[in-house]
Amino acid sequence: MQSPFRVCEKVYMVGSADISSGMDCCVYLVDAGELVLIDAGAGGSTDKLIVNIQALGFMPEQLTTLIITHAHIDHIGSAADLRDRFNLRVIAHAEDSAAIESGKKVGAEHYGVRYRPCPVDEKLAGQLNERFIGSTKFSFMYVPGHTPGSMVVTIESEGKKVLFGQDIHGPYMPMWGGDPQLAAISLERIMQIEADILCEGHYGAIKPADEVKQFISEFLDELKS
Ligand SMILES: [Zn+2]
C-alpha cells in the first residue's frame, strides 16, 4: 500500500485502491479546522483510513462530518462504523438517503461485502446547498445520473476551486442505477463549475483547470455519442 498524501492546502487523500483497500473509492479528508471526510470506502478498511489520517498528523477525534457523494458500496461501506466511532454527522442528498439507510441498491452483492446501513443525519434537498463546516464553505450541487441522488461538493483552497466530483467517469447505465440523459445534463453543469482541481472517485486528483475540463468532456462526449 502507498501512503496517504496532501492534494492541496486543506485537502488530503486518505483512502483509495492504492492507499487503503483495493475495493475503496478515493476518500478525501478536508481540514476545515474540524475534519471532514468525503466518502467512506467499501467497508473493510475503517481502521486503515483512521491510521492514514493519523499518519498525516491529524487526530481522527477531530472528525465531525462525513459527506457521502452517492449511495454506492465503495463510497459508503465504512460510513456506519465511522459515524458510530466518532459521532459523525452524515450528510447526503435526500434522493440517495433511502439506499444509504437501507442498504438496498448499493451494489454490496457485486463487491461480495456485507453493508451495514448508516443513518443520514442531514438529507439535502434541491439543486444547490451551501453551508460552513468549520472555517470552510462547502457547496453541494445535485447531479443525478450516476445514481438518483448523486451530488458533487466544491470548496475553495488558496483561491482555487476544488471539486469533489467523485464518480464523474460513471458508469451511467440503468443497471447500476444510472440515467445517461440526466448524467449528460449533470456533467454540463459540473463543467460550468470550472474547477481547478478535480478530486475524482477512482482516478485521483486531476489538475490544472484545463485537465479537469478535458477529463469531464471525455465522459460527456461518450454520453452524447
Ligand atoms: Zn459510484
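Source: prediction; values computed, not measured.

Reading the values: the criteria
Residues numbered from 1 in each chain as written. Predicted model: local features only at pLDDT ≥ 70, side-chain atom pairs only at ≥ 80, totals over all residues. Heavy atoms only, no water. Pairing = 2+ DSSP bridges. Helix = DSSP H or I, 4+ residues; strand = E, 2+ residues; numbered from the N terminus. Contact = heavy atoms within 4.5 Å. Axes fitted to C-alpha atoms, helices over the stretch in contact; angles between N-to-C directions. Parallel < 35°, antiparallel > 145°, perpendicular 65-115°, else oblique. Left-handed = near helix turned anticlockwise from the far one by under 90°.

Undergrad: Which parts of the structure should I look at to understand the sheet that holds strand β11 (residues 160-166)?
TA: Each strand in a sheet pairs with another by means of backbone hydrogen bonds, the pair being arranged parallel or else antiparallel. Pairing is mixed in the open sheet, where six strands are placed in the order β8-β9-β10-β11-β12-β13. Of all strands in the sheet, those with a lone pairing partner are β8 (128-133) and β13 (205-206), marking the two edges. Here β8 runs beside strand β9 (residues 136-142); their pairing, made up of six bridges, is antiparallel. Each residue of the ladder has a partner; that of Asn 129, found in β9, is Phe 140. Of the strands in this sheet, β12 (197-200) and β13 touch helix α7 (residues 209-224), which is tilted by about 45 degrees from β12.

Undergrad: Just to check I follow, could you spell out the packing of helix α1 (residues 46-55) against helix α3 (residues 79-86) for this structure?
TA: To describe two helices that pack against each other, one gives the angle between their axes and the distance between the axes. Two elements in contact, α1 and α3, have axes separated by 10 Å at closest approach and are oriented at 55 degrees. For the element pair α1 / α3, the angle class is oblique. Considering how the two elements wind past one another, α1 and α3 form a crossing that is right-handed. Residues Thr 46, Asp 47, Leu 49 and Ile 50 of α1 touch α3, and the partners they reach there are Asp 81, Leu 82, Arg 85 and Phe 86.

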